[in-house]
Amino acid sequence: MIEPVNQISLLKPDDWHLHLRDGKILKGVVSHTADVFSRAIIMPNLDPPVTTLNQAKEYKKRIVQSIPSGSSFSPLMTAYLTDNMSPDELERGFIEGIFQAAKLYPVNVTTNSSYGVTDLSKIDNIFETMERINMPLLIHGEVNDLNVDVFDREAVFIERHLKPLLRRFPSLKVVLEHITTIDAIDFVENNKCDIAATITPHHLHINRNAMFLGGLRSDFYCLPTAKREIHRIALRRAATSGKACFFLGTDSAPHTRKFKESSCGCAGIFNAPFALESYLTVFEEEQALDNFEAFASINGARFYGLPQNRESITLVKRDVSVPEMFDVGLEGDPNNFVKPFHSGETLKWSVLRD
Ligand code: DOR
Ligand code: ZN
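What you see is a predicted model; the values in this text were computed from it and never measured.

Engineer: Sorry if this is basic, but what is going on with the coordination of the zinc ion (ligand 2) here?
Structural biologist: By definition of the ideal shapes, four donors in a tetrahedron about a metal sit 109.5 degrees apart, and six donors in an octahedron sit 90 or 180 degrees apart. Coordination sphere of the zinc ion (ligand 2), protein contribution only: His17 (NE2), His19 (NE2) and Asp251 (OD), at 2.0 to 2.1 Å. Here the donor residues of the zinc ion (ligand 2) are spaced in sequence according to H-x1-H-x231-D. You can see His19 sitting in the loop between β2 (15-18) and α1 (25-36) and its partner Asp251 sitting in the loop between β9 (246-248) and α9 (257-260), a full 232 residues away along the chain. Comparing His19 with Asp251, the two get one shared label, buried.

Engineer: How should I be thinking about the sheet that holds strand β7 (residues 174-176) in this particular structure?
Structural biologist: In a beta sheet, neighbouring strands are held together by backbone hydrogen bonds and run either parallel or antiparallel to one another. Strand order in the open sheet made by the eight strands is β2-β3-β4-β5-β6-β7-β8-β9, with parallel pairing throughout. Two strands close off the open sheet at either side, each with one partner strand: β2 and β9. Pairwise comparison of adjacent strand axes, ignoring direction, gives a mean angle of 30 degrees for this sheet. Sheet topology places strand β4 (residues 74-80) next to strand β5 (residues 99-104); four bridges connect them, and they run parallel. Opposite Tyr80, over in β5, you have Lys103 as the bridge partner.

Engineer: Looking at this structure, how should I read the site of ligand 1?
Structural biologist: As a structural note, the neighbourhood of ligand 1 is formed by 13 residues, with Arg21, Asn45, Thr110, Leu223 and His255 the closest of them. In the model, a nitrogen atom of ligand 1 is placed 2.8 Å from a nitrogen or oxygen of the Leu223 main chain. Considered on its own, ligand 1 offers 280 Å² of accessible surface; in the complex 100% of this is hidden by protein. The residue inventory of the shell around ligand 1, partitioned by class, reads four nonpolar, seven polar and two charged.

Engineer: Help me understand the environment of Gly215 in this model?
Structural biologist: Structurally, the position occupied by Gly215 is in the loop between α7 (201-205) and α8 (229-239). According to the relative accessible area criterion, Gly215 is partly exposed, its value standing at 36%. When the C-alpha positions of Gly215 and Ser263 are compared, they lie 13 Å apart, and in sequence the two are 48 residues distant.

Engineer: Would you take a moment to explain the nonpolar core for this structure?
Structural biologist: Burial of nonpolar side chains together is a common tendency in soluble globular proteins. Counting 93 residues, the largest nonpolar core has Leu81, Leu90 and Leu137 as the members making the most contacts within it. Ignoring anything within four residues of it in the chain, the contact list for Leu81 reads Leu90, Ala102, Lys103, Leu104, Tyr115, Gly116, Val117, Ile123, Ile126 and Leu137.

Engineer: Explain helix α10 (residues 275-285) here, please?
Structural biologist: Along an α-helix, residues three or four apart share an orientation, since each turn contains 3.6 residues. In terms of burial, α10 is a largely internal element, nine of the eleven residues being buried. Those residues of α10 that fall on the buried side of the exposure criterion are Ala275, Leu276, Glu277, Ser278, Tyr279, Leu280, Thr281, Val282 and Phe283. Two residues or fewer past α10, Gln287 is found with a positive phi of approximately 50 degrees.

Engineer: Please explain the pattern of salt bridges as it appears in this structure.
Structural biologist: Two side chains carrying opposite charge are able to pair once their charged atoms lie near each other. Inspection of every chain in the model, using the stated rule, returns 19 salt bridges. For Lys61, the salt bridge goes to Glu58, with nearest N and O atoms at 3.3 Å. Placement of the pair is Lys61 and Glu58 together in helix α2 (residues 53-66), with a separation of three residues, close to one helical turn. Residue Lys61 is classed as partly exposed on the basis of its relative accessible area of 46%. Across the pair Asp145 and Arg160 runs a salt bridge whose closest N-O atoms are separated by 3.0 Å. With Asp145 in the loop between β6 (137-139) and α5 (153-168) and Arg160 in helix α5, this pair connects stretches of sequence that are 15 residues apart. For Asp145, a relative accessible area of 22% gives the class partly exposed.

So, how was this worked out
Starting from 1, residues in each chain are numbered consecutively following that chain's sequence as written. Both sets of labels track the order of writing: A upward for chains, 1 upward for ligands. Predicted model: local features are reported for residues with pLDDT of at least 70 only, side-chain atom pairs are reported and counted for 80 or more only, and whole-chain, interface and lining totals are derived from all residues. The side-chain values count all of the structure's non-hydrogen atoms but skip hydrogen atoms and water molecules. Here a donor is an N, O or S atom found within 2.8 Å of the metal, or within 3.2 Å if the metal is Na, K or Ca; sites may look incomplete because water is not among the atoms. Where helices and strands are cited, they refer to DSSP runs of H or I of at least four residues and of E of at least two residues respectively, numbered from the N terminus. Each residue is placed in one exposure class: buried if its accessible area under a 1.4 Å probe, protein chains only, is under 20% of its type's maximum, exposed if it is over 50%, and partly exposed if it falls in between. Two strands form a pair only when DSSP identifies at least two bridges running between them. Note on method: axes are straight lines fitted to C-alpha atoms, helices fitted across the in-contact stretch only, with angles between N-to-C directions ranging 0 to 180 degrees. Residue proximity to a molecule or strand is established when one non-hydrogen atom of the residue lies within 4 Å of it. For this analysis, a polar contact is any N or O atom pair within 3.5 Å, provided that within protein one partner can donate a hydrogen and the other can accept it, and provided that sequence-adjacent residues contribute only side-chain to side-chain pairs. The accessible surface values rely on the Shrake-Rupley method and a 1.4 Å probe; as for residues, cover is taken only from the protein chains in view. Put simply, Ala, Val, Leu, Ile, Met, Phe, Trp, Tyr, Cys and Pro go in the nonpolar bin, Asp, Glu, Lys and Arg in the charged bin, and everything else, Gly too, in the polar bin. Only buried residues count toward a nonpolar core, which is a set of Ala, Val, Leu, Ile, Met, Phe, Trp, Tyr and Cys residues joined through side-chain atoms within 4.5 Å. Throughout, a residue-residue contact means that at least one pair of heavy atoms, one from each residue, lies within 4.5 Å. Salt bridge criterion: a side-chain nitrogen from Lys or Arg within 4 Å of a carboxyl oxygen from Asp or Glu.

Purely spatial values, then, with no claim about function.
Now the structure itself:
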């Protein structure tokens, strides 16, 4: 008989896709990530977005000032690509270590993407530079074409835009972010090693039914949206496979109640407070605990060409109750609370804290 595993230790993980926001909420949000992750790739979709070296430096400063004292967490900054991004500034930012990567939002595909790229071929000069300097391109892979069904937008993006882009720039280093479909998994697995993907905890736990369970539930609305169950099953297989091309990226994206409980609720799921516990639950259910460290702590660093973390972290098999809401420091008004993923649930793993 196989003994049940009650404890797991691994190198400290990194989050390769994270939204921290800015202003008053920043401190109440970053503490959750800084608690258990060593590094995180910070999304630049602020309003206005992070498009210049100076903006990235200033935003990084504000993040660092908001990290709880004693934490060694480091934010890795990204540039938000627009039609007018200067290739020289991007290159300088990468060489100076300010920009770890650049993020491509096709215009109007998601939160604060109105400054995004209107036509990929317009910024071929940017892709040329990135390919030459080996700078990772992080892609929100959905088309903005309203005639395309919302559940097909990722698959159509791959055919219509990503494949042609890689034909033009075959050595471009790409992370297809927060993948949600079998089409994306196939695309990544069948490519060379310079194409990788992040996978969120929520896409491993929910399928699209979650958005419609007994009513319209914006808490489970994110972009790309969760898809059919067959896709969720395939994502669980990919994430837990141990393959180097798949790694952890939470896409934790906090929106306050005011913006979620609206007739036009915002896209985004705040999963940072229990992200590790959430992922680990999936790895245990898939009998793949041995592959958790590769997914959470090794594959991402290797892809980005960064050193592995030295510290480690331990999780134990002990129930933990996820709070219904988090007060993220916005004047205690419940309209300003943020609901976490797994709100009100009990998870079976806990991070061991000394
Ligand atoms: O669900 C999402 N929320 N997807 C994104 O691409 C953006 C994010 C956000 O910033 O809220
Ligand atoms: Zn995101």
